[in-house]
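Tertiary structure, described
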Amino acid sequence: MSRSSLFPILAICCLLLLGEGRALGQIDIDKQLRDRIIAPDSLLNDDTDADRHGTLESYYLTGRTGDMRPAPLDTLKLNSFRREHIEGRSIAESYLGTYAGPYQSKVYFDQPIDQWGDFYYLAPYFHLLRRGTMARYFDTKVPYTFLSVQKLGGSNELEQLLHALFTTNLGPNVNLGGEAEIDKANGVYNNTASQALTYRIFGSYTKGRYELFAEVGNTNVINQENGGITDMRYISNVEEIAGGRRTLLPRDIPTRYKSTWNSASYGRGRLHHRYRLGRYREYDKDGKLIEAPKTPLKDEVAKQDSLPAVPEVAALPDSLTAPTEVPKEQKILRRSAPPKDTGDEDNNEEKDEVVKKVFVPVTSIFHDLTIERGSHEFVSQDPALLDRFKEKYIPKQEGMKYYPYDRFSSATISNTVGVELMEGFHKWAKMGISAFASFDYQINKQPLILPEDAERLDLPYEEQGSKLHSTLVGGRIKSDSFKHLKWYVQGHVGIEGYRAGEIDVRGNVDLRMKLLKRDVILSGNGLFLNTVPPYFLEHFKSTFHAWDRDLKNTQRLRLGADLTIPATETHLFVRAETIQQPYQVDSVSYQPIQHEEGNVRVISAGFDQALRWKFVNLETSFVWQSSSDSYVIPMPEFAAYANLYFSGLIAKVMTLQVGVDAKWHSKYMAPYYEPTTQMFTPQDKILIGGDAPMMTAYANFHLKRARVFVRYYNVGAQLFKPNHFTMPYYPTYPSQVQFGVVVDLKN
């Protein structure tokens, strides 16, 4: 499509179609952060949590150092229909249709940075894992419950999703909680069923000198693979291939594979605790620091009938009120020195004054233990797979029920010890500094014959794998002490073992200022990575694929800037990244290879803008992105989203939101999802996108702490000729009705 024909479509998307919210920069949690920041005071009623401000805090812990960072909850009244759907994670995405299926955003900077991590089989399921910003902890004065239930499609293609979270404080210092997410989908097209179970239990203890955070959780996913439909004309030109029939039911469309499954599991446990060293300071009932008198002369001490003098202490800085530096308070009664004898008995009585003792941490010693384990299985009973891949690297054993039956696993134990000089313990201590050392141990396993088959056939058990260890040292500096400036930088370097030479430095800065008498938030972020190739990218053997080679480190430099204007609900952003020797998937062998023909550069810019007039609202997002090598890193050049809706109150108690949203992206050579490797594989034959926008009509209701939504997904298929594919051979769902209920309880 030419650029001249692009702008009319964008105009239609913005004026006639309807879009939701500002583009989600990472995942939906970042959007919630931005929504809360840019929402003017007049829109605070759009937050169901408005009456609970100050009674509920949520946060996550950074890796290794365990710093507490904010993690907002979903408490917004509007647009629940989108946040609860898989398509709400970005403005353009590739996925197989179900919530628990493999997923990848088409917006490059929305994709996870570590998608080629130690166990890349988990990359398609990042949206299901409770790690990083999604591993949340809480501090609440009243119990908090969140329930979300969704139902999509009819009986044959039914998908049901349940998400539940509960947390409560057991006193002021202890918090316990748990969450679970269950998804079960039959799929609309043949052989696309999936199911997933995620659970997590967490708790924290924070009192004075000692803090402890602990969690354990697991995610299990089973995804039936069909390899896509056999011919894309079943969607784009059904009359040509179906003998004159104008329509076909999704279940009537043949698929490439049957009786084929991928499964993955991810388990995680973490223990982070620290001990703080510091001192106590005393404050009177008005909150003023009680200054100790200067030490009197030796002969004056003998003449005074008073308590011994206390050494002079400095004033308590304001930064100690930060959430991450919660001091220990203790009220005590201290008897003041008796007044001079005036002859008045009332005045001669000793007076008691209330004194508050506050613990001021100066330094802390911390320890972090994180255990992660991932496993993956690929099994099939479909002869079509055996016909497609002629060469077999693992032979079929006699009596095997499934062939192929490939199994892989990886486990990592990370121990970190460190020391921190606390921010704010003195008026000149405007930043916190920490240093740490980490010791990582990793086990990778890849059976060449299943243990049960070896025992049944009396054959020797064979497996390949590795046991690796490494030592890393790093540090972190941050500052939250300034009113208008906050910054955070953390990094580490591998000095020994399999990660020797690895470098990982990430940071961000936020600046609040005035521009044309309006509050403006200017944010910057960046990272530099020198990444060691993971084991399974260098050594791999399955039924259909095998490789054994040495790869070089990959270098990555990423910079970004954001400008947010809360009063006008405007968000502008720009991103840039340079990658040296990136990994890519070969479209012929389906093996990951390394690109060594120069650097690959990616640049992106966009905006999110909301326009409101009385009860009419238009929210838009637009992203432009460009890659210097579109085969190594394929992406659509343009992506747009719009949401036009009407909102208001019914009987002054129920909020009603009715509208239509739409999304669109330009044509590009979208990657194909390969089931045998679970990799998104580049191709250069089929263009995806550039057609009529995907439209969805919806109604969203909010009453007290309940949100109910009904949406008619892909209503555009009733208006335009259906031709929507998320990837080659993977069509989007046809028009269907979806329901959802979200309940947010505060006790």
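Residues numbered from 1 in each chain as written. Predicted model: local features only at pLDDT ≥ 70, side-chain atom pairs only at ≥ 80, totals over all residues. Heavy atoms only, no water.

Take the overall build of the chain next. Assigned secondary structure in the chain consists of nine helices and 36 strands. Per-residue burial over the chain gives 51% buried out of 747 residues. Here the contacts in the chain between residues at least 6 apart in sequence split such that 68% fall between residues at least 24 apart. Roughly 34,500 Å² of accessible area belongs to the chain as shown, and the carbon and sulfur atoms make up 58% of that amount. (Helix = DSSP H or I, 4+ residues; strand = E, 2+ residues; numbered from the N terminus. Buried < 20%, exposed > 50% of the residue type's maximum accessible area, 1.4 Å probe, protein only. Contact = heavy atoms within 4.5 Å. Areas by Shrake-Rupley, 256 points an atom, 1.4 Å probe, with all protein chains shown as cover.)

Moving on, we come to a nonpolar patch on the surface. A cluster of nonpolar side chains, L421, M431, I433, I477, V489, V505, F528, L557 and L559, forms an exposed patch at the surface whose accessible area comes to about 670 Å². Along the chain, I433 turns up in strand β15 (residues 432–447). Residue I433 is classed as partly exposed on the basis of its relative accessible area, which comes to 36%. (Patch = residues over 30% accessible without salt bridge, like charges linked within 9 Å, V, L, I, M, F, W, Y side chains within 5 Å. Salt bridge = Lys/Arg side-chain N within 4 Å of Asp/Glu carboxyl O.)

Turning our eyes to something else, we now look at the side chain of S90. The residue S90 is located in the loop between α3 (80–83) and β3 (93–95) in this model. Polar contacts involving the side chain of S90 include one to the main-chain carbonyl oxygen of A92, which spans 3.4 Å. (Polar contact = N/O pair within 3.5 Å; in protein donor to acceptor, adjacent residues only side chain to side chain.)

Turning our attention to the nonpolar core. Y120, L128, I253, F536 and F540 are the most contacted members of the largest nonpolar core, which has 45 residues in total. Residue assignment for this core shows that the elements contributing at least two residues are α4 (233–236), β11 (260–284), α9 (535–538) and β24 (583–585). With three residues, α9 is the largest single contributor of residues to this core. If sequence neighbours within four positions are ignored, F540 has contacts with Y120, Y121, F408, Q446, Q464, H545, A546 and W547. Formed by 13 residues, the second largest nonpolar core is a distinct cluster that contains L56, L61, Y137 and L165. (Core = buried A, V, L, I, M, F, W, Y, C linked by side-chain atoms within 4.5 Å.)

The next thing to look at is the environment of Q104. Tracing the sequence through the fold places Q104 in strand β4 (residues 103–105). Q104 sits 20 residues away from P124 along the chain, and the two C-alpha atoms are 6.5 Å apart.

To continue, consider the pattern of salt bridges. All told, the structure shown has 35 salt bridges when counted by the stated rule. Two residues, E372 and R131, come together in a salt bridge whose shortest N-O distance is 3.6 Å. In this pair, E372 sits in strand β13 (residues 352–380) while R131 sits in the loop between β4 and β5 (136–140), placing the two residues 241 residues apart along the sequence. For E372, a relative accessible area of 23% translates into the label partly exposed. Between R556 and E577 there is a salt bridge, with its nearest N and O atoms 2.9 Å apart. Remark: E577 occurs in strand β23 (residues 570–580) and R556 occurs in strand β22 (residues 554–565); sequence separation between them is 21 residues. Residue classification places R556 among the buried positions, given a relative accessible area of 15%.

A separate point is the sheet that holds strand β2 (residues 68–70). One open sheet accounts for three strands, arranged β2-β1-β5; its pairing is antiparallel. A single partner strand is all that each edge strand has here, and the edge strands are β2 and β5. The sheet shows a mean angle of 40° between the axes of neighbouring strands, direction not considered. (Pairing = 2+ DSSP bridges. Axes fitted to C-alpha atoms, helices over the stretch in contact; angles between N-to-C directions.)

Now for the packing of aromatic side chains. A complete count under the given rule lists 32 aromatic pairs for this structure. Here F408 and F536 contribute two aromatic rings whose centre-to-centre distance is 6.0 Å and whose plane-to-plane angle is 80°, an arrangement assigned as edge-to-face. Within this pair, whereas F408 is found in strand β14 (residues 405–421), its partner F536 is found in helix α9, the two being separated by 128 residues in sequence. Here F408 matches F536 in class, with each residue buried. Connected via pairs of aromatic rings, a cluster forms that spans F119, Y120, Y121, F408, Y535, F536, F540 and W547. Above the plane of the ring of Y641 lies R82, whose end atom (NZ or CZ) is 4.2 Å from the centre. Above the face of the Y729 ring, R256 is positioned so that its terminal group lies 4.1 Å from the ring centre. (Phe/Tyr/Trp six-rings, centres within 6.5 Å; stacked < 30°, edge-to-face > 60°. Lys NZ or Arg CZ within 6 Å of the ring centre and 35° of its normal.)

Time to look at unusual backbone geometry. The linkage connecting Y403 with the following residue, P404, adopts the cis geometry, with an omega of 10°. At N79, a position not held by glycine, the phi torsion is positive, near 65°. Mapped onto the secondary structure, N79 falls in the loop between β2 and α3. On the basis of relative accessibility, which here comes to 5%, the residue N79 falls in the buried class.

This part covers the side chain of H545. Locating H545 in the fold gives a position in the loop between β20 (539–541) and β21 (546–548). A polar contact is formed between the side chain of H545 and the side chain of T676, at a distance of 3.0 Å. For H545, the residues in contact, after removing those within four places along its chain, are F389, Y393, F540, S589, Y590, T676 and T677.

A few words now on the environment of L563. Inspection of the secondary structure assignment puts L563 in strand β22. Taking the relative accessible area as the measure of exposure, L563 reaches 22% and is therefore partly exposed. C-alpha separation for the pair L563 and F573, spaced ten residues apart in sequence, amounts to 6.3 Å. Among residues more than four places away in sequence, those in contact with L563 are V520, I521, L522, T570, H571 and L572.

What follows concerns the pairing of strand β19 (residues 518–531). Here 13 bridges tie strand β18 (residues 503–515) to β19, and the two strands are oriented antiparallel to one another. What sits directly across from L515, in β19, is R518. Across eleven bridges, β19 lies against β22 in antiparallel orientation. When the bridges of β22 are listed, G526 appears paired with L559.

Locating L128 in the fold gives a position in the loop between β4 and β5. Relative accessible area serves as the criterion here: at 1%, L128 is assigned to the buried category. When the C-alpha positions of L128 and N220 are compared, they lie 9.3 Å apart, and in sequence the two are 92 residues distant. If sequence neighbours within four positions are ignored, L128 has contacts with Y99, A100, E181, A196, T198, T219 and V221.

What follows deals with the confidence of the model for the chain. Overall, the prediction assigns the chain a mean pLDDT of 83, with 83% of residues at 70 or greater. Low confidence marks residues 297–352, where pLDDT is under 50. Its contacts with residues over four positions away, or in another chain, come to 83 contacts. (pLDDT = per-residue confidence, 0-100.)

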